[in-house]
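Given next are the chains, with one letter for each unit.
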Amino acid sequence: MRYGILSDIHSNLEALEAVLSALGSERVDRLLCAGDLVGYGADPVPCVKRLRSNGVVAVCGNHDWAAVGRMPLDWFNEQAAAAARWTQGHLTSEEKAFLNELPLAWTDGQVSLVHGSFCEPAEFHYVMDFQEARLCLDLQKTPVAFIGHTHVPGFFQEEAGQVRFARPGRITLQQGRRTLVNVGSVGQPRDGDPRAAYCVYDSEGGSIEIRRAAYPLERTQEKIRMAGLPEFLAARLATGY
Ligand code: ZN
């Protein structure tokens, strides 16, 4: 089975299109999304539609919950709250129903998905360090799992009782060692690389690769400005932070 895995699209249609186009040549059997389909960007409806038409299996992120009124906006900083309010007003009832029904976690028995951490998924904890990765790995029931939320891609792998971190690239899986993959963000990377991040997992070949796709971000910035969303949300796309 070949999986294409995305996360944190954040209503960025140009980045999503670039990633779907890159995945087009990958012979992917299943498209997974680790949450935050919407929030921040100006294209929530087209992004949800595009993902659904590609048969995505998704879990909910905190921004998806905010967009359907399931998350208090005081959880967010000023810009994120403004974007959540804007998104609430621009989603149709069809997309809201879809987002509202997304589960907190998902598994097919081979891989699993959650937005923040398997530790209290509804609290949307961030896996930023070894301690948080350990908590998440201890609750991970499949050899491989995918998360998002931090917008910083990389691999946490068990090795001789320790947790190791590997930077984005290609890794080969080792039997008996669980691997937790942060796939990074399609629509708002925060690791200093403005290109959209995505992941390909070949379960037969036992390899996982985190890749990047360039997209016309000036167009995305223009749409954010035209929509009257906070300028910061447009500007940060160019820096990847
Ligand atoms: Zn996010």
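Residues numbered from 1 in each chain as written. Predicted model: local features only at pLDDT ≥ 70, side-chain atom pairs only at ≥ 80, totals over all residues. Heavy atoms only, no water.

Asker: In this structure, what is going on with the overall build of the chain? I would like to understand it.
Answerer: Broken down by element type, the chain carries eight helices and twelve strands. Rg of the C-alpha trace for the chain: 17 Å, near the compact-globule value of 18 Å for 241 residues, within the 12% margin. Classification of the 241 residues of the chain by burial places 56% in the buried group. Within the chain, residue pairs in contact and separated by at least 24 positions form 72% of the contacts whose partners lie at least 6 positions apart. Averaged over its 24 positive side-chain charges, the chain has a centre that lies 3 Å from the centre of its 29 negative ones. (Helix = DSSP H or I, 4+ residues; strand = E, 2+ residues; numbered from the N terminus. Rg over C-alpha atoms; globule rule 2.2 N^0.38 Å. Buried < 20%, exposed > 50% of the residue type's maximum accessible area, 1.4 Å probe, protein only. Contact = heavy atoms within 4.5 Å. Lys, Arg positive; Asp, Glu negative; His and termini not counted. Charge placed at Lys NZ, Arg CZ, Asp CG, Glu CD.)

Asker: I keep staring at helix 4 (residues 78–90) and nothing clicks. Help me out?
Answerer: Side chains three or four residues apart in an α-helix point the same way, a direct result of the helix having 3.6 residues per turn. For helix 4, built from 13 residues, the straight-helix expectation of 18 Å at 1.5 Å per residue is met to within 8% by its first-to-last C-alpha distance of 19 Å. What helix 4 keeps buried is the set Ala 80, Ala 81, Ala 83, Ala 84, Trp 86 and Thr 87. Tucked inside the fold, the buried residues of helix 4 contact helix 2 (44–53), helix 3 (62–67) and helix 8 (231–239). (Expected span 1.5 Å × (residues − 1).)

Asker: Would you explain the coordination of the zinc ion in this entry?
Answerer: When a metal holds four donors in a tetrahedron, each ideal angle between them is 109.5 degrees; when it holds six in an octahedron, the ideal angles are 90 or 180 degrees. Coordination of the zinc ion by the protein is provided by Asp 8 (OD), His 10 (NE2), Asp 36 (OD) and His 151 (NE2), with metal-donor distances spanning 2.0 to 2.3 Å. Around the zinc ion sit four donor atoms, and with donor-metal-donor angles ranging over 85 to 177° the site reads as irregular. Residue classification places His 10 among the buried residues on the basis of a relative accessible area of 2%. (Donors = N, O, S within 2.8 Å, 3.2 Å for Na, K, Ca; no water. Tetrahedral: all angles 85-135°; square planar, octahedral: opposite > 155°, others 65-115°.)

Asker: What is the right way to look at a nonpolar patch on the surface in this model?
Answerer: A cluster of nonpolar side chains, namely Trp 75, Tyr 126 and Met 128, defines an oily patch on the protein surface of about 320 Å² accessible area. Positionally, Tyr 126 belongs in the loop between strand 5 (111–114) and helix 6 (130–138). By relative accessible area, Tyr 126 is classed as partly exposed at 35%. (Patch = residues over 30% accessible without salt bridge, like charges linked within 9 Å, V, L, I, M, F, W, Y side chains within 5 Å. Areas by Shrake-Rupley, 256 points an atom, 1.4 Å probe, with all protein chains shown as cover. Salt bridge = Lys/Arg side-chain N within 4 Å of Asp/Glu carboxyl O.)

Asker: Which parts of the structure should I look at to understand the pattern of salt bridges?
Answerer: Any two side chains of opposite charge can pair, so long as their charged atoms come close to each other. Under the defined criterion, the tally for this structure stands at 19 salt bridges. Salt-bridge contacts for Arg 30 lead to Asp 108; the nearest nitrogen and oxygen are separated by 3.7 Å. Note that Arg 30 is positioned in strand 2 (residues 30–33) and Asp 108 in the loop between strand 4 (105–107) and strand 5, a separation of 78 residues in sequence. Looking at Arg 30, the relative accessible area reads 28%, which means it is partly exposed. Asp 108 sits in the partly exposed class, given a relative accessible area of 26%. One salt bridge in this structure joins Arg 164 and Glu 159, with 3.6 Å as the shortest N-O distance. Salt bridges here are not isolated pairs; linked through shared partners, they connect Arg 2, Glu 26, Asp 202, Glu 209 and Arg 211.

Asker: Is there a simple way to explain the sheet that holds strand 7 (residues 154–159) in this structure?
Answerer: Picture the strands of a sheet paired through backbone hydrogen bonds; they go either parallel or antiparallel. Spatially, six strands are ordered 4-5-6-10-7-8 in an open sheet, and the strand pairing comes out mixed. Looking at which strands have only one partner, the edges of the open sheet turn out to be strand 4 and strand 8 (162–166). Each neighbouring strand pair of the sheet contributes to a mean axis angle of 20°, computed without reference to strand direction. In this sheet, strand 10 (residues 179–182) lies alongside strand 6 (residues 144–147) in parallel orientation, the contact comprising four bridges. For Phe 146, the partnering residue across the bridge sits in strand 10 and is Val 181. Sitting on the sheet, helix 6 touches strand 7, strand 8 and strand 10, and the angle it makes with strand 8 is about 115°. (Pairing = 2+ DSSP bridges. Axes fitted to C-alpha atoms, helices over the stretch in contact; angles between N-to-C directions.)

Asker: Help me understand the packing of helix 7 (residues 217–226) against helix 8 in this model?
Answerer: When two helices pack together, you describe them by how their axes are tilted relative to each other and by the distance separating the axes. The geometry of helix 7 relative to helix 8 is characterised by a closest axis approach of 8 Å and an angle of 175° between their N-to-C directions. Compared by their axis directions, helix 7 and helix 8 come out roughly antiparallel. Counting all contacts with helix 7, which are made through Leu 217, Thr 220, Gln 221, Ile 224 and Arg 225, the residues of helix 8 involved are Glu 231, Leu 233, Ala 234, Ala 235, Leu 237 and Ala 238. Of the residues in the contact of helix 7 with helix 8, the class split is seven nonpolar, two polar and two charged. (Parallel < 35°, antiparallel > 145°, perpendicular 65-115°, else oblique. Nonpolar A, V, L, I, M, F, W, Y, C, P; charged D, E, K, R; others polar.)

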